[in-house]
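Coordinate inspection notes
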Amino acid sequence: MQQLTEIRWHARAGQGAVTAAKVVAETALAADQYLQAMPEYGPERMGAPIKAFTRISTTPIEIHCNIENPHIVIVLDDSLLDVVDVAEGLTDDGVIIINTCTPPEQVRAALNVPESVRVACVDASGIALDTIKRDIPNTPMVGALIKVAGVVDMKVFKSLLAKNLSKKFGQEMIDANWASVDRAYEEVTVA
Amino acid sequence: MAEQKLVATTGNALVAEAFRQIRPDVVAAYPITPQSSIVEDIAKHVASGRVHTNYVTTESEHSAMSACIGASAAGARVATATCGPGLAMMWEMLYIASGMRLPIVMANTNRALSAPINIHCDHSDVMGARDSSWITLFAETAQEAYDNTIMAVRIAEHPDVLLPVMSCLDGFITTHAVDRACMLDDETVAEFVGEYVPVNALLDTENPSSHGNFSGLGGLYFEFKAQQRAAMARASSVVAEVGERFAAISGRSFGMVEGWGMEDAETAIVVIGSSAGNVRHVARQLRAKGQKVGVLKIRCFRPFPVEEIRSALRGLKAIAVLDRSDSFGAEGGPLYLEIRSALYDLQERPPVVNYVYGLGGADVKLDLIERVYSDLSGIAVDAVEPAPLTYLGIR
Amino acid sequence: MKWDISRAGEWKAKDFPIACVIPTVGNSDDYDVGGWRSERPVREDDVCTQCLLCWIFCPDSSVVLDGEKVVAFDYEHCKGCGICAKECPTNPKFGRKAIEMISEGCELPGVK
């Protein structure tokens, strides 16, 4: 496994990208790895485009700056594709995972990324509405991430998810979130 | 060495945990971004009974520090937190806390000063308070912020010192990022900080004393300021001693300055706070290519470790000082001025150049640091005339 | 223990108590403020009803009692504010107050 994995999250404020960026980072602790997760804070208001960052590494992380050349880009809202250059700086062997109903071939054409970059699509909002009953696509997106890029251990992620949710919710909500992760893991398609 | 818990959490959460573990009698604070989650967490710890602290909500930072001063004079162990405009609003009271020799511990989550309004990191706030006789520690990481906060209590309360301590961490960069860190257990911290034995506590009714006395014209104001300077001078060895004691329980060393690659460096960057990591990262890459570069991180800004700095920078061919604040109208940023001054007595004075960077949270990109090392190499190797103050990465 | 400030004139900066704290109580007793007066209270013992109002109101604790009787003023600490004379009730038998403020004039007895 490579030493350092850098993930950049694109979302609209309120979709849970910051939380996801943090939980994904936290999973690294179980594997005794190093981690960093931070949001790019701006004027915070629901719906505004935001970025968040996750670093996971086998060696200590000493840099404190934004991620400009991510290995993985996760886009929680496909309407951002018109607004933000989500593929900016993505490494040539990178992967971009998008919450969308559009098939990956079509998204790839719109993105104009090199052949070596993988484009993965999953209808995380649809899955979230089915399972969690709310359009909070952050947890299913992690399911897609696990399938497409590894990086995160499914068991560790699910247990952290349960720990976080149990502060506010009951087992029913935990089960629904777990189901959303599993479904995204199964349904994500790559082109 | 004590057993430690590995955690993944934010700098602010760790500072709040440190505050819980040092068990202050009183915390008086006013929330301000990016400090808020520290005081919110303390309030939660108090509400859930995890710490028996009297948490005082105030209507401003001026009042927060005033309440801290009252509580500390009464004989309580006192902690608080603020940043940026909040620290600026405390300014009058900062001098009263230190002048009354009250060992208050405060976390400052470095934030820029308006205008234009900005909530992000720079060091303008703390540099504005640098002359207020507060011992000032800086953290690079969440881990250091946690460690510094615990050490701050021992330093402040040391009988040779009795000065307030500001423990600084970079706003958002360190406060809000999730990082990997180790936490000591509650008992170890409690034992390390010990029971607070106040000097001249107002609530010690067996030994009544009078505080806040007038010392005006013809009085002794001048003499009391000399006492503060002497206490700050004594703090140097106390900071080092507390650092050693902390290293013994945590395994993490603490130096007033921390060098990387300085043993045989030809050029070096002097830096404070989270950016030290970025600089070290670039220095590692340049070392791998055979360039003799070093990094000098200042962890204790007050008292200013002149001797350590002098011995680390002696003999270098070129030095760059990175300032995350400006002293408008001065020759350079505050750190630059002091570093240059520290080197003045050397027989051979190395060229020192100044970069103001990262104001208002501007991202400290690695290529900017590469540029600074490249400039240094130009001065050291190709005898390029050192440039005056540069705003690093400005459009 | 009483704080000895008798040689304070010779103290260096380091000798003063930390933070301008006065570390004991009662030391204002050592500080002679009699010179601040321009008028002093004088009392006629015959006229005095021993109501003790002067003793109650004196802000500088400068009315000296013996048991429950006013016997004198402490001129080292009396600043001559005149509150005692103001509060002193007129004795109907004599038609005047027992305490009267008189000018210090050029003589300043009791002042070092």
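Rules and cut-offs
Residues numbered from 1 in each chain as written. Chains lettered and ligands numbered in written order. Predicted model: local features only at pLDDT ≥ 70, side-chain atom pairs only at ≥ 80, totals over all residues. Helix = DSSP H or I, 4+ residues; strand = E, 2+ residues; numbered from the N terminus. Rg over C-alpha atoms; globule rule 2.2 N^0.38 Å. Buried ≥ 20, exposed ≤ 12 C-beta atoms within 10 Å, placed from the backbone. Contact = placed C-beta atoms within 7 Å. Nonpolar A, V, L, I, M, F, W, Y, C, P; charged D, E, K, R; others polar. Pairing = 2+ DSSP bridges. Axes fitted to C-alpha atoms, helices over the stretch in contact; angles between N-to-C directions. Arc of directions from axis to C-beta. Domains from an automatic or database assignment. Core = buried A, V, L, I, M, F, W, Y, C linked by C-beta atoms within 7 Å.

Re the overall build of chain B
- What chain B contains, in helices and strands, is twelve helices and 15 strands.
- Relative to its length of 395 residues, chain B is compact, with a C-alpha radius of gyration of 21 Å against a globular reference of 21 Å.
- Counting all 395 residues of chain B, 55% fall into the buried class.
- Considering only contacts in chain B between residues 6 or more positions apart, those separated by 24 or more positions represent 80%.

Details of the interface of chain B and chain A
- Contacts between chain B and chain A engage 19 residues on the former and 16 residues on the latter.
- Listed by contribution, the elements that provide at least two residues to the side of chain B that touches chain A are β1 (4–10), β8 (178–184) and α9 (275–288) of chain B.
- If one sorts the elements of the side of chain B that touches chain A by residue count, α9(B) sits on top with five residues.
- Residues belonging to the side of chain B that touches chain A are distributed by class as follows: eight nonpolar, six polar and five charged.
- Taken together, the two bridges between strand β2 (residues 34–40) of chain A and β8(B) define a ladder with antiparallel strand orientation. Paired with Q36(A) across the bridge in β8(B) is D179(B).

With respect to the interface of chain C and chain B
- Taken together, the contacts link ten residues of chain C with 18 residues of chain B.
- Residues belonging to the side of chain C that touches chain B are distributed by class as follows: nine nonpolar, no polar and one charged.

Considering the sheet that holds strand β7 (residues 189–190) of chain A
- Spatially, β7(A)-β6(A)-β5(A)-β4(A)-β1(A)-β3(A)-β2(A)-β8(B)-β1(B) is the arrangement adopted by the nine strands of the open sheet, whose pairing is mixed. In this open sheet, the two strands that pair with only one neighbour each are β7 of chain A together with β1 of chain B.
- Examined bridge by bridge, strand β5 (residues 95–99) of chain A and strand β6 (residues 118–122) of chain A share five bridges and lie parallel to one another. By the bridge assignment, I98(A) is partnered in β6(A) with C121(A).
- With respect to the sheet, helix α1 (residues 17–30) of chain A is in contact with β1 (4–12), β2 and β3 (49–57) of chain A together with β1 and β8 of chain B, its orientation differing from that of β2(A) by roughly 170°.

Looking at the sheet that holds strand β12 (residues 300–302) of chain B
Residues and elements named next belong to chain B.
- Spatial strand order, β3-β2-β4-β5-β7-β6-β12: seven strands in an open sheet with mixed pairing. With partners counted over all chains shown, the strands left at the sheet margins are β3 (54–57) and β12, one partner each. This sheet shows a mean twist of 20° between the axes of neighbouring strands, independent of strand direction.
- Examined bridge by bridge, strand β6 (residues 135–138) and strand β7 (residues 165–170) share four bridges and lie parallel to one another. Across the sheet, the residue bridging to F138 is C168, located in β7.

Remarks on the pairing of β1(A)
All names here are of chain A.
- Counting buried residues along β1, seven of its nine residues qualify, which places the element largely inside the surrounding structure.
- Where β1 lies against β3, nine bridges are found, and the strand directions are antiparallel. Bridge pairing in β3 links T5 to I56.
- The pairing of β1 with strand β4 (residues 72–75) spans four bridges and is classified as parallel. From the neighbouring strand, I7 faces β4, where its bridge partner is I72.

Considerations on the pairing of β3(A)
Residues and elements named next belong to chain A.
- Of all nine residues in β3, seven are buried; the element is thus mostly enclosed.
- Bridge count between β2 and β3: seven bridges; the pairing is antiparallel. Paired with M38 across the bridge in β3 is F53.

Structural notes on helix α3 (residues 124–131) of chain A
Residue and element names in this part refer to chain A.
- All of the buried residues in α3 are A124, S125, I127, A128 and T131. Take α3 and look down its axis: the buried residues cluster within an arc of 160°, on one side only.
- Considering only its buried residues, α3 is in contact with β5, β6, α4 (138–149) and α6 (171–187).
- Once α3 ends, the next one or two residues include K133, with phi positive near 70°.

Observations regarding the domain arrangement of chain B
Residue and element names in this part refer to chain B.
- Looking at chain B, the domain boundaries give domain 1 (4–250) and domain 2 (257–391).
- Between the C-alpha centres of domain 1 and domain 2 the distance comes to 28 Å.
- In this assembly, 25 residues from domain 1 lie in contact with 20 residues from domain 2.
- Those elements that place two or more of their residues in the side of domain 1 that touches domain 2 are α5 (124–128), β6 and α8 (221–250).
- Among the elements that take part in the side of domain 1 that touches domain 2, α8 stands out by supplying five residues, more than any other.
- For the side of domain 1 that touches domain 2, a count of residues per class yields 13 nonpolar, eight polar and four charged.

Let's talk about the nonpolar core
- One finds I96(A), I155(B) and V270(B) to be the most contacted residues of the largest nonpolar core, which totals 189 residues.
- If one sorts the elements of this core by residue count, helix α6 (residues 142–157) of chain B sits on top with nine residues.
- Two domains each donate at least three residues to this core, and these are domain 1 (4–250) and domain 2 (257–391) of chain B.
- If we ignore the near neighbours within four places in the chain, the residues touching I96(A) are V73(A), V75(A), V86(A), A87(A), L90(A), L111(A), V113(A), V117(A) and V119(A).
- With eleven residues, the next largest nonpolar core counts C54(C), C78(C), C84(C) and A85(C) among its residues.

Examining unusual backbone geometry
- Look at the link from S114(B) to A115(B): it is a cis peptide, with omega at 5°.
- Within the secondary structure, A115(B) is located in the loop between β5 (105–110) and α5.
- The omega angle of the peptide bond from R302(B) to P303(B) is -5°, so this bond is cis rather than trans.
- Within the secondary structure, P303(B) sits in the loop between β12 and α10 (306–313).
- Unlike most non-glycine residues, V151(A) shows phi in positive territory, near 65°.
- Mapped onto the secondary structure, V151(A) falls in the loop between α4 and α5 (154–165).
- Judged by the 19 C-beta atoms lying within 10 Å of it, V151(A) is partly exposed.

Examining the environment of I69(B)
All names here are of chain B.
- Examined against the element boundaries, I69 turns out to sit in helix α3 (residues 61–74).
- The class of I69 is buried, set by 23 C-beta atoms lying within 10 Å.
- In this structure the C-alpha to C-alpha distance between I69 and D375, which are 306 residues apart in sequence, comes to 47 Å.
- Apart from residues lying up to four places away in sequence, I69 is in contact with M93, I96, A97, M100 and L102.

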